[in-house]
Structure formats: C-alpha cells, structure tokens
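Letter by letter, the chains look like this.
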Amino acid sequence: MRRSISKRINNFLNSFSNLNLAILVIVGLLCLFGMLSIYSASLNMEGSFFEKIIGRQLIWLVLSGLVAATIYFLQKKLIYDSAYILYLLGFCLLLLPYFLGSSVAGTARWITFGSAGFQPSEFMKILVMLAIARFLASTSSSNLDFKFVLIPTLLSLIPMAVVLKQPDLGTSIIYFGMLFPMLYWAGARLFHLFIIIAPILSIITAFNFYTFFIWVIIVVIILYLTKEKLRVSLTVMLINLSLGFTTPFLWNSLKPYQQQRILTLFNVNADPQGTGYQVLQSKIAIGSGGLFGKGIARGTQTHLKFLPEQHTDFIFSVIGEEYGFIGVLVVLLLFLAFILICINIAYRQKDRFCSLCMIGIASIIGIHVVINVAMTVGLMPVTGLPLPFISYGGSFLMTCFILVGLALNIGIDKQY
Amino acid sequence: MYISHNSITNIRKNILTIFFVLVFLVLIGRLYYLQIIKGPSYKGIAEANRVRVIPIEAPRGIIYDRNGKIIVDNKSQYDINVIPYEFSHTARTDSILAKILGLDVAEINSRIKNNWRGQFVPIKIAEDVNVEIITNIEEHRLDLPGVVYSVKPVRSYPSGVQMSQSLGYVREISANDLIREKYKEYKQGDLIGWKGIERQYEHILKGTRGYNFIQVDALGREIGQVVDRDNIPPIPGNEMFLAIDLDLQIYIESLTEGYKAGIVVLDADNGEILAIVSKPDYDPALFAGVISNSSWNALISDPDLPMFNRATQGTYSPGSTFKLIAVLTALETKAVDPDWSVRCYGQYRLGHRIFKCWQERGHGSMNMYEAIVHSCNVYFYNLIRRLDLNDWANMGKDFKFGSETGVDLYGESAGVMPDVDFLNRKYGEHGWTDGNKLNLVIGQGDILVTPVQMARFCAALATRGKLVQPHVGLKYIDRGSNETIIFKAAKDSIQNISVDTWEFIEKAMADVINRGTGRAARVKDVPVLGKTGTAQNPHGDAHAWFIGYMEEQNQTIATAVLVEHGKSGGGIAAQIAGQIFNFIHQQKKRQSLANNAPLNF
C-alpha cells in the first residue's frame, strides 16, 4: 500500500514534463506582474484589503488555482465525452441573462448570485474551443472537406451572435478568432478559411468605395491564384459583391438608434471624455515609462487616475508606465513563450483532440494578448478585452486558469 | 487509447509559430517606438498632466517719498471662490451665501455657471470683498463647505494723497502692449503700470510672480504638493523712493481743491520734483483692485478730465511770465538799453489794430525794469518790434521750450515754441504780421507751454542757467543686491548769458513780489522772486500763471503754478505760490528747530 502511494507520487512527478513546469513558472510570473500592477492601480482606493480589488483578486487567484488543479486531475476521456454537452449547457447559460434581466451598465453579460456575479460568456470561450476540438478530432487531417470546415464555423458563430447582441465585441472576436488556428491545425485548406473570412471583410470594407474596390481586386487575385472550379469562384465572388453593395443601403435603412446599437459594439461611444481619451492617456502612460519605468506604484498616470479602466482592460499601460520597456518586453516574451510551448506540446501530442485543444488554448490566450496590447498602444480600436493572468476580473482569471489546467492535463501524454 | 491520431505536418506548425512571433514582434516594435523613441516627449506630457501650476502674484514695490513716508503701499484683496465639488448647492447655503455677499442667489448661480472649469477648480464669485465678509464666511464655515477665499496683493494709498495722474495705476496689460518687444515676458491678464510712475518704473516696481506646484489627478482634484519640485515664492517689486515731499504734496492738493490747476514744485539745483499736482484728480484707490465699469466710465467721460495730468500734459499760453524771454533777448543781443523807456497809455496801435495793456489807464513812463515789475504789455509791444523774432525764439529754445523736459512721467507734452519758420509754415510767408509778434512777446498766440516746462524755466532763472531734468523718481533699492540705485538726471546749462543780465532779472523779479504784480506771493522773513502771468483764452476767464523761487538753507525751490480760468496771475496763482513757499519755510523752520533743540535744553 505504502509502496504504491510513493510509486504514484513518483509517477506523478515524472509525468510532469519540463514543458509543464515551464508553463507553471510562466503563469506564476504573469500573475505576479498582475498582482503588482493591480496593487498599484488600487493604491488610492479606500477600504480594507479584501474590499479593495487587490484583495478580491487574490481570493479569485486562490479559487482559480484550486479549479485549475481539479481540471488537471480530470480524465481526458471525461473532457472529450462531455464537450458537446458542456457546449449546450454553456450556450443555455449564455442566454440566461436575457431571461433574468440582470445587467451591468446596460449590458446583459452577468449572472449574479447574491453579490457575486460571473460572466457565462467567459467560460463559453473554453466550451466553444472544446466543442470545435472534439468535432475536428473526428475528421482526418489529410483532406478536410469544406463541410467539415462549416460545422466548427457554426459552432463558433452561434454563440458569437448571442454575445454580439449583449453587446460584447471582444468576446465574440475570441470565439471567431480561435476557429482559424484550429481549422488550420486540423488541416483545412487556406482557401476554405478565406471563404469564411471574406464576407466579414466585404461588409467592413463596403463603407468606403476605395477600400471595397481594393478588396474586390484582392478577392479576384486570390480566386485566380487558387484555380478553384469556376462554379465555386463565381459563387464566392457573387456573395461578396452582393454583400458589399447591399451593406451601405442596409446601414442607411437602419434607424439611428439601431445604427447606434451597432456602433456601440465597436465601443465608439465607450469613450468617457471625448474621442480617444483612454487610448491617449494609455499611450502617455506607456510612453512616459521609458526604458526602465517609474518604479512599482510610482506611475503618475496610474496613481492620479488619468488612466480609465486601469485595473482591467488597460492594465498593460500600468506595466508600461511602472516597469518600462524592459517590463513590457518581459511580459510579452512570457506570453509568447506560453503560446509557443502550447504549439510545441500540440505538435508532439499523438492524440488529435488533445493537440487541437492545445492550439485552441494558445489561440485564446494569444488573441487576448494581441488585441489587448494592440488596443493599449493605439494600434487597434478599443474592443474591451482583458489581459490574461494580469487584468482584474474573477470570471476571466478563472477562465485563464481552467485553460492552464487543461494545458497541463493535456501536456502529459497519458492515455485516456 | 486515442480517439484519432494526430498527424500535423511540420510546415503547419512552423507557419503558426512564425505567425505568432511576427505579431508579437509588431507589438514589441510599437512599444519600442512609444517608450524609447517617443519616451521623452510622453514623459513631458505625463508631467504636464499631473502638475497644476498656480501662480502667486507678487506685490509691487512700495513707493516712498523723499523722507521715507509711504506713498503707495500694498494691501491684500480678498476674493471669494467656490469649489463646486465641495459646495453643497441647497437653498439654505445659497441664501446664506447670498446674504453674506449681498448678491442675488441667481447672480451667484450664474457666476458659478459661467466660470465653471471643472469640479475641483475654484470659481471666483466675488471680488475685492471687505474683511467683514471674510469674517462672516469664516463664521459660517460649517454651513458653507467649499466656499473659500483667496488673497492677492493690490495697491493702497494709506496717506490719503491723491497725486493720481502722476502715480498712475495698475491694470491688465493691453493687447497693444502685449505685442511689443519691451513687454515680451508679459502674458495676457498680467498686471502692468498704465500711467505715470507705475508705467515709467514698471520694470523696477514689478514683482516676480511665484508659483505653487500642486499635484492633481485626472479630475483636477488637488492631491497635495508635488514631491520633487519646490514652490517658487513670489518676489516683491523693488522699493522705490520719489523726490516728492509727501507733506507738501498733500498740502498743495488740499490748497487747490476745487480748482483746475497744474502745479510743479522742484529743487532748482537738481530737478527733483517735490510736489506735482494736477487738479481735478481722482482717488487712486479706485484702481486698487479691478476698477468697476461705472467708475471707469465716470472717469473717462468727466468733462474736467481728472485723468489728464495738467502739470505735464496740459499746454497753455504762458502769458506775461514769458516776457522774461524778451528781456533776456533784448539784454543779450543788446537791442535796447535797460534804460530805454516807453510811455504806456494803456494801449498800443499797430495799423488799424489796437493792442491793450492790462492796465487800461496805462502805466505811464516805463523802463525795462519797471515793465517787468508791473508787467506792462505796451513796453513789450514796443520792445519786440526792435527784436529779431528768431533771436527771441532761440532764447526760448535755449530754455528748451518747445521740447519735452524729459520728466519721468509717461505722456509728457512738448508744447510749441514758434519761430519765423513756424509762422511761415503755419500762416504762409506773408500771412503773418508784427501783430503775431506782439501777441507772442506777451506769451499769447501760438506759444504753448506746460507747467513742468515753466517750473524748469523758473529753476533756470533761479540758478542762472542750470537746465535740470525734472524728475519724480529718486532712487530704488535693488532687492537682489540690496544696493541703492540713484536715478541719473540729465543736466545742461545756458552759458552765454552775462552776470549783469542775471542780476538785472533777479532784482526785477524780487520787486515783482515786493511791490509789483506778485505781491500775493510774499512770504514773511524769506525773499521770494517771481513773475506773474495771465493768459487770455477763448474758452472763458484767463488762465492764471505764477512762476517763482525762494532760497532757504542752501536749497532753491522753484515753482510753477497754473490755475485754469484763475483770472489773473497776480491773484490766485500768486496766492497759491505764496502759500506753498510759506509752507516750505515753516517746514524748514520746524526742522532747524528740531535739529537745534538738544542744544537749547
């Protein structure tokens, strides 16, 4: 009995590959950065430690760690089997706020239990990933037919539509964004991915004649180069052209409040003090950090509240201001390392489902980081996505830790 | 057991890896641009974001008289401000505040609304309130949260002296001055001396503004002092001393109350102006804070021109005082002998025109000496016909008539000293006759002088030709080096007038006072020398002139008194001059008594 226990412990430690250890260290360091930045951002807040966001974040961190540990010990088979059921359950929870009518700041994102609230759309990110992975695991990578591409697309588009309605552009981008690396990993043809993404670009470019004109030329070139069947090419061309031409008319036929509703999606009006205030202050904070930064809790932009949303979506600018270029470089390299390790694990994985899950995890974390950082440095419009492991927010931290738990679980190449 | 086998190709893995690396490189590149390349400029912006610079006005330099008595001081002006964030806008607080300030509730609300610059930025709702209001506000401290007062230094005039036009006033800099190179360090809204001493010595009197650096947050809320930057305290302006004798100044002002007059009293040897009065004047304290529109409009629309400095800016015909120029010309060019006589029948006929003497029954036989003492016009009508007009004009120019005296008061007039060229230009070469000369010789017609020019002329007579630059400013104490810096006044003199001529004129001027037209200026125990003048003018009664000087305790004091519409120089003007001389005499007597007192006891 005693021998078997020590053997198990030994087995467990052995099963902990170097890569898994690296993931743990990376996540630990990122959380440390996060706690320091949240501490800094919450210095001027009143209340006792656990009333402050720093205290609450710490509680969430402990809870998330426990959940991640639980996930780590789950049977892979169980995860695989319950993927669709969880997806359906998650989808129902996603719809629930509409019926409960609970909303924060006019958006139906939260489900509240007493004083605590959580966002089902956060956890749905994992469930969409699992469902897509499960579906693609049943296909063969050698020749992925278009119909096998279509179903994962629907799996992501349906919850995406619900989340867009909330409105939460950031989260819907995650649902849609993770689709492409996963399809690509599963062996989808690039042309098929192009067919999925083309209509969206057609709609976006249609608002300006010249951008649309350039886009159409690009579509034609791509269709010519891929040498698809004429029937397919014509259909793709026709769909995109008709979308492009009807969009402006559809837009103009919308009532102003409907247009407004769509515009709020892109957070055009989420700007409290005039166009670009947030981004400008964020750029000032990051830029003024210089090479070495101003030091822990010494960022003037942060302390004097010039930065709105400094503890959530704009936490990266706190790091930029207080730790400088060195600090942000370390953070970005940690994230990149995390992503590359995930891709590496996925490559080594013998099981297709696990491999696809790893790519899904890498994509979710990667897209969050890229969009969040690009937004804080003024490269992308403000969409409202937090920075994994660092931003304040319970549901999101939990989501990230579940992903880490999954990654560690799958990282061990054990049998189902 | 595996669900299905993973068969990913190496290429797909590498492409995905490269994709993520590239995207991250773009982000890192952007951060490099923001933090390393643009870092310094963003540092500056962040700094400006957090620091609010609060200017602290410096008091201007205190102005003393020659004996160290305060002429212009500074006092604190209290303004009432409201900080919107802390101010509770209830009917109760509104009515308390309105009652204390004596304003409508609606007026207060509209001032708050119109000057709103943020939740935490104080709004001025009342300006220059008295101390009682401040005490009242302090008593209601608990009822009026967010109502605070601020203090700034403004001018005050504790002695009650007016001297308004010569002291000048302080006001916000004008748009015209703002663009001038001289005032390039001034910003809109800065205070600057506008007239008189305040303008002339702006660079000496001006204090250096101080700054407090307050840390603010994004809402403009004050967090406290900026840690790494010290406040810069304001530096008051330099203390300045004027040549003015404050007692004399106040005495003359009280003496001339109700008249329209311009009076200059100066030390004949060095040009120090002991008193300079222009009546009517105004209370300089009107400008102490921000002058109200109604006061300003009343001042500038007053037909008696209280803001006009009659002593330096007013130009008048000098009247008979100017006969001395003709005497000097005649004696120096030897055109006539002093004994050359003329019989005065009270009038003089030139062609069809009759020129009158002021004494209608005539003075009888007049030589030059008596003509001065009795101010006989007919004598001078005859005299000028024997003089070359340009000789006469040059004598006037030698005494610097027709050009500014250089007095240190902004906006001085130069007056007019006509000569042949001038008359030719004005009337055409044949457009003027000896009639013009007759007018000019008795100080009428085209000739115009200012009281300060006449005072200098008088000083030159008193000192046998010293031409001083009259000046009010004496010295200042440089705040940096603590050195006393004395202003230099230009000096000149007329050399070519013989001692005989001077003696002749001095005797005549003494007799003007003793038994002539200037008897009203006589002072017991002290010899006074002078000359009266009565300048006809088309607007009413003649202007009264008196120039004269006295010498006591090695000081020669010259004065020029002009009283608009004072009827005759021998009357009111000489009287005022006499009182001035008497005052100075009494002052000196007291002083010497005080100096000798210890010896007597």
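Per chain, residues are indexed from 1 in the order of the written sequence. The order in which chains are written sets their letters, starting at A; the order in which ligands are written sets their numbers, starting at 1. Side-chain atom pairs in this predicted model are given and counted only at pLDDT of 80 or more, local residue features only at pLDDT of at least 70, and totals for whole chains, interfaces and linings cover all residues.

1. Quick notes on the overall build of chain A
Phase 1: Under the DSSP-based scheme used, a helix requires at least four consecutive residues in state H or I and a strand at least two consecutive residues in state E, with every element numbered from the N terminus. A tally of helices and strands in chain A yields 17 helices and two strands.
Phase 2: For the purpose of contact definition, each residue receives a C-beta atom placed from its backbone, and two residues are in contact when these atoms lie within 7 Å. Counting only contacts in chain A whose residues sit at least 6 apart along the sequence, the fraction spanning at least 24 positions is 72%.

2. Here's the deal with the overall build of chain B
Phase 1: When helices and strands are tallied, chain B shows 20 helices and 23 strands.
Phase 2: Burial in this document is a count-based property: other C-beta atoms within 10 Å of a residue's C-beta are tallied, and the residue is buried at 20 or more, exposed at 12 or fewer, or partly exposed in between, with C-beta positions derived from the backbone. Considering chain B as a whole, with its 601 residues, one finds that 40% of them fall into the buried category.
Phase 3: Once local pairs closer than 6 in sequence are excluded, the contacts in chain B between residues at least 24 apart make up 71%.

3. Describing the sheet that holds strand β21 (residues 528–537) of chain B
Residues and elements named next belong to chain B.
Phase 1: Spatially, β12-β11-β23-β22-β21 is the arrangement adopted by the five strands of the open sheet, whose pairing is antiparallel. If you trace the sheet from one side to the other, it starts and ends with β12 (273–279) and β21, each paired once. Strand-to-strand twist of the sheet, defined as the mean angle between neighbouring strand axes without regard to direction, takes the value 5°.
Phase 2: Two strands pair when backbone bridges link them, and strand β11 (residues 261–267) and strand β23 (residues 555–563) are joined in this way by seven bridges, in the antiparallel orientation. Opposite V264, over in β23, you have A560 as the bridge partner.
Phase 3: Working convention: axes come from line fits to C-alpha atoms, limited for helices to the stretch in contact. Angles between N-to-C directions cover 0 to 180 degrees. In the packing of helix α18 (residues 451–462) onto the sheet, contacts are made with β11, β22 (540–552) and β23, and the angle to β23 comes to roughly 145°. Pairing between strands is defined by DSSP: at least two bridges between them are needed.

4. Structural notes on the environment of G406 of chain B
Residue and element names in this part refer to chain B.
Phase 1: Examined against the element boundaries, G406 turns out to sit in the loop between α15 (389–398) and α16 (420–427).
Phase 2: G406 sits in the partly exposed class, given 16 other C-beta atoms within 10 Å.
Phase 3: For the pair G406 and V468, spaced 62 residues apart in the sequence, the C-alpha separation amounts to 9.5 Å.
Phase 4: Not counting residues up to four positions away in its chain, the partners in contact with G406 are Q469 and A490.

5. Some details on the pairing of β11 of chain B
Residues and elements named next belong to chain B.
Phase 1: In terms of burial, β11 is largely enclosed, as seven of its seven residues are buried.
Phase 2: Residues A261, I263, V265 and D267 line one face of β11 and the alternating positions G262, V264 and L266 line the opposite face, and both faces are buried.
Phase 3: Sheet topology note: the β11/β12 ladder contains six bridges and is antiparallel. Counted as the bridge partner of L266 is I273 from β12.
Phase 4: In this antiparallel pair of consecutive strands, β11 and β12, the connection spans five residues, and G271 shows a positive phi of 80°.

6. As for the confidence of the model for chain A
Residues and elements named next belong to chain A.
Phase 1: For every residue, the predictor reports its confidence as pLDDT, a number between 0 and 100. On average, residues of chain A score 81 in pLDDT, and 81% of them are at 70 or above.
Phase 2: Within chain A, the lowest mean pLDDT, 57, falls on strand β1 (residues 111–113), and the highest, 92, falls on helix α16 (residues 352–376).
Phase 3: Of the regions scoring below 50 in pLDDT, residues 103–107 engages in eight contacts with residues more than four places distant in sequence or in other chains.
Phase 4: Contacts for the low-pLDDT stretch residues 268–275, under 50 throughout, to residues beyond four places or in other chains number nine contacts.

7. A word on the pairing of strand β10 (residues 239–242) of chain B
All names here are of chain B.
Phase 1: Bridge analysis of strand β2 (residues 63–64) against β10 gives two bridges, and the strand direction is parallel. Each bridged residue has a counterpart across the sheet, and for Y64 the counterpart in β10 is F241.
Phase 2: In the sheet, β10 pairs with strand β18 (residues 473–477) via four bridges, with the strands oriented antiparallel. Bridging from a neighbouring strand, M240 pairs with Y476 of β18.

8. Quick notes on the environment of A326 of chain B
All names here are of chain B.
Phase 1: Assignment of secondary structure puts A326 in helix α12 (residues 323–333).
Phase 2: A326 gets classed as buried once you count the C-beta atoms within 10 Å, which come to 26.
Phase 3: Considering only alpha carbons, one finds A326 and M395, 69 residues apart in sequence, at a separation of 8.2 Å.
Phase 4: Those residues in contact with A326 that lie beyond four places of it in its chain are F380, L383, I384, L387, W392 and V441.

9. Re the nonpolar core
Residue and element names in this part refer to chain B.
Phase 1: Note on terminology: a nonpolar core is any set of buried Ala, Val, Leu, Ile, Met, Phe, Trp, Tyr and Cys residues joined through C-beta atoms within 7 Å. By size, the foremost hydrophobic cluster in this structure holds 121 residues, and its most contacted members are L242, V264, A275, C458 and A573.
Phase 2: Here the element with the most residues in this core is α18; it accounts for nine residues.
Phase 3: In this entry, domain limits derive from an automatic or database-based domain assignment. Residue-level mapping places this core at the junction of two domains, with at least three residues from each of domain 1 (50–69 + 164–242) and domain 3 (261–281 + 310–592).
Phase 4: For L242, the contacting residues outside a window of four places in its chain are I63, Y64, D65, R66, I71, V472, G473 and L474.

10. Topic: the packing of helix α3 (residues 53–73) of chain A against helix α17 (residues 394–411) of chain A
All names here are of chain A.
Phase 1: Contact pair α3 / α17: the axes reach a minimum separation of 8 Å and the direction vectors enclose 30°. What the angle tells us is that α3 and α17 run roughly parallel. Both α3 and α17 take part in a crossing whose hand is right-handed. Facing α3, whose interface residues are W60, L61, L63, S64, G65, V67, A68, A69, I71 and Y72, α17 presents G394, L397, M398, F401, I402, V404, G405, L406, L408 and N409. Oblique is the label for any angle not under 35 degrees, not over 145, and not in the 65 to 115 range, which are roughly parallel, roughly antiparallel and roughly perpendicular in turn. Less than a right angle of anticlockwise turn of the near helix away from the far helix marks a crossing as left-handed, whereas a clockwise turn marks it as right-handed.

11. Looking at the confidence of the model for chain B
Reading predicted coordinates in detail is not appropriate for stretches of low pLDDT.
Phase 1: Considering every residue of chain B, the mean pLDDT works out to 87; 96% of them sit at 70 or more.
Phase 2: In the predicted assembly, ipTM is 0.88 and pTM is 0.64.

12. What to know about unusual backbone geometry
Residues and elements named next belong to chain B.
Phase 1: The linkage connecting K279 with the following residue, P280, adopts the cis geometry, with an omega of -5°.
Phase 2: Along the chain, P280 turns up in the loop between β12 and α11 (293–301).
Phase 3: Not every positive phi belongs to a glycine, and R464 is a case in point at roughly 55°.
Phase 4: The topology assignment puts R464 in the loop between α18 and β17 (466–468).
Phase 5: Of the residues examined, R464 has 15 C-beta atoms within 10 Å and is grouped as partly exposed.
Phase 6: Residues other than glycine seldom take positive phi values, yet Q553 does so here, at roughly 45°.
Phase 7: Residue Q553 is classed as exposed on the basis of its 9 C-beta neighbours within 10 Å.

13. As for the environment of V336 of chain B
All names here are of chain B.
Phase 1: Within the element layout of this structure, V336 appears in the loop between α12 and β13 (342–344).
Phase 2: With 50 residues separating them along the chain, V336 and R386 place their C-alpha atoms 7.7 Å apart.
Phase 3: Beyond its immediate chain neighbours, meaning those up to four positions away, V336 contacts A330, L383 and R386.

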